[in-house]
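Fold and geometry: a report
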Amino acid sequence: MIELREARAVQQRVSVFTLMRLLPLINDFVPLPENREPPALGRFVEMHEQGHKVLHHALLRNLVKVAFALVAIWFLAALMIRWQMLFWEAVLWLHVVAIPFRIFFHFYCWNQEYEADRYALEKTDKKLAKNNLRELIRCEYPHTPLFALIYREHPTAVLRKERLLNR
Ligand SMILES: [Zn+2]
């Protein structure tokens with residue numbers, strides 16, 4: 001049922017991605033692993049993590065999460081009290097309605113990632129950044145930007161490299 005509704009909702013864009021979207025619930029509960037093997041971490045990655053700390057990204061991210069959680073609780077309560085829905089029905093609706101919110105949240109996270117990348121580039125240099133990002137690309141399961149936007153808090157390593165170095 002939910003899969004059918006999902007399929008109809010995304011019919012405008014037919015691709016491999018449509019197929020992946022047919023499994024949104026599965027993807028939520030059993031997320032695909034990000035990497036096929038752990039990347040060798042270099043100084044660029046180290047500085048990227050430092051960038052997150054210096055720029056208070058985790059705190060900001062959690063504040064946004066709390067805000068969204070409150071909206072979700074309010075939405076669930078409204079469906080159950082005002083629309084007399086059963087809990088599981090309300091949860092399914094929340095799942096559908098949450099998609100744009102999640103995309104917005106991921107978009108926000110991606111900006112933090114790009115920001116941390118820029119910070120790391122300032123602390124290192126172009127060559128090092130390029131090598132480290134290449135290593136990340138090598139280890140990452142390839143996926144489309146659209147898939148990443150819906151399911152990932154990180155942009156793909158390919159996107160990060162393009163964004164940071166091809167300007
Ligand atoms: Zn990061």
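This section reports on the structure supplied with the text. (Residues numbered from 1 in each chain as written. Predicted model: local features only at pLDDT ≥ 70, side-chain atom pairs only at ≥ 80, totals over all residues. Heavy atoms only, no water.)

1. Overview of the overall build of the chain
Selection rule: Here a strand is any run of E in DSSP of at least two residues, a helix any run of H or I of at least four, and the numbering for each starts at the N terminus. Throughout this description, buried means an accessible area under 20% of the type-specific maximum (1.4 Å probe, protein chains only), exposed means over 50%, and partly exposed covers the range between. Contacts are assigned to residue pairs with any non-hydrogen atoms lying within 4.5 Å of each other. Each accessible area is a Shrake-Rupley result for a 1.4 Å probe, and residues are judged covered by the shown protein chains and nothing else.
Of the regular secondary structure elements, the chain holds nine helices and zero strands. Secondary structure elements of the chain, listed N to C terminal, follow the sequence α-α-α-α-α-α-α-α-α. Across the 167 residues of the chain, 37% fall into the buried class. Look at the contacts in the chain between residues 6 or more apart in sequence, and 79% of them connect residues 24 or more apart. For the chain, the exposed surface amounts to about 10,800 Å²; the carbon and sulfur share of it is 67%.

2. Description of the packing of helix α5 (residues 57–81) against helix α6 (residues 87–123)
Stated formally: All axes here are fitted lines through C-alpha atoms, helices being fitted over the stretch that makes contact, and every angle between N-to-C directions spans 0 to 180 degrees. Here is the rule for angles: anything less than 35 degrees is roughly parallel, anything more than 145 is roughly antiparallel, 65 through 115 is roughly perpendicular, and the remaining ranges are oblique. Working rule for handedness: look at the near helix, and if it is turned counterclockwise from the far one by less than a right angle, call the crossing left-handed; if clockwise, right-handed. Polarity classes work like this: nonpolar for Ala, Val, Leu, Ile, Met, Phe, Trp, Tyr, Cys and Pro, charged for Asp, Glu, Lys and Arg, and polar for all others, with Gly in that last group.
Viewed as axis vectors pointing N to C, α5 and α6 meet at an angle of 165°, and their least axial separation amounts to 10 Å. Classified by the angle between their axes, α5 and α6 sit roughly antiparallel to one another. Between α5 and α6 lies a crossing of right-handed hand. Looking at the contact of α5 with α6 residue by residue, the classes come out as 20 nonpolar, two polar and four charged.

3. A short note on the coordination of the zinc ion
Applied cut-off: Donor atoms (N, O, S) are those found within 2.8 Å of the metal centre, with the cutoff raised to 3.2 Å for Na, K and Ca; water is not part of the atom list, so apparent gaps in a site can occur.
Only His48 (NE2), His52 (NE2) and Glu113 (OE) from the protein reach the zinc ion as donors, at distances of 1.9 to 2.1 Å. Here the donor residues of the zinc ion share one chain and are spaced in sequence as H-x3-H-x60-E. Here Glu113 lies in helix α6 and His52 lies in helix α4 (residues 43–54), a separation of 61 residues in the sequence. Using a relative accessible area of 13% as the deciding quantity, one classes His52 as buried.

4. Regarding α6
The test is simple: Here, expected helix span is obtained from the residue count minus one, scaled by 1.5 Å. One fitted axis covers the seven residues ending at a residue, a second covers the seven starting there, and the bend at that residue is the angle between these axes.
The terminal C-alpha atoms of α6 lie 50 Å apart, and with 37 residues this matches the ideal 54 Å at 1.5 Å per residue to within 8%. At Ala98, α6 shows its strongest bend, of approximately 40°, with the proline Pro100 following within four residues.

5. Focus: the pattern of salt bridges
Pairing is possible between side chains of opposite charge, provided their charged atoms come close. Test applied: Salt bridges are counted wherever a side-chain nitrogen of Lys or Arg sits within 4 Å of a carboxyl oxygen of Asp or Glu.
For the coordinates displayed, the defined rule picks out seven salt bridges. With a shortest N-O distance of 3.9 Å, Glu153 and Lys65 are connected by a salt bridge. With a gap of 88 residues between them, Glu153 in the loop between α8 (145–151) and α9 (157–165) and Lys65 in helix α5 connect regions that are remote in the sequence. Taking relative accessible area as the criterion, Lys65 reaches 39% and is therefore assigned partly exposed. Of the charged contacts in the structure, one is a salt bridge between Arg160 and Asp117, with a shortest N-O distance of 2.9 Å. Taken together, the positions of Arg160 in helix α9 and Asp117 in helix α6 put the pair 43 residues apart, joining distant regions of the chain. An identical accessibility class is assigned to Arg160 and Asp117; each is buried. Through salt bridges with shared partners, a single ionic network connects Arg61, Lys65, Glu113 and Glu153.

6. Focus on the packing of aromatic side chains
We apply this condition: Note on aromatic contacts: the rings of Phe and Tyr and the six-membered ring of Trp form a pair at centre separations within 6.5 Å, being stacked when their planes are under 30 degrees apart, edge-to-face when over 60 apart, and tilted otherwise. As a reminder, the over-ring test applies to NZ of lysine and CZ of arginine, requiring each to be within 6 Å of the ring centre and within 35 degrees of the ring normal.
Throughout the structure, instances matching the rule amount to four aromatic pairs. An angle of 75° between the planes, with centres 5.5 Å apart, marks the rings of Phe68 and Phe101 as edge-to-face. Linking Phe68 in helix α5 with Phe101 in helix α6, this pair joins segments that are 33 residues apart in sequence. Judged by centre distance (4.8 Å) and plane angle (45°), the ring pair of Phe147 and Tyr151 falls under tilted. Taken together, the positions of Phe147 and Tyr151, both in helix α8 and four residues apart, correspond to about one turn of that helix. Neither Phe147 nor Tyr151 differs from the other in exposure class; each is buried. Every member of this aromatic cluster is reached through a ring pair, and the members are Phe68, Phe101, Phe104 and Phe105. Above the ring of Tyr114, the side-chain terminus of Arg163 is found at 4.2 Å from the ring centroid.

What is shown is where atoms sit, not what they do.
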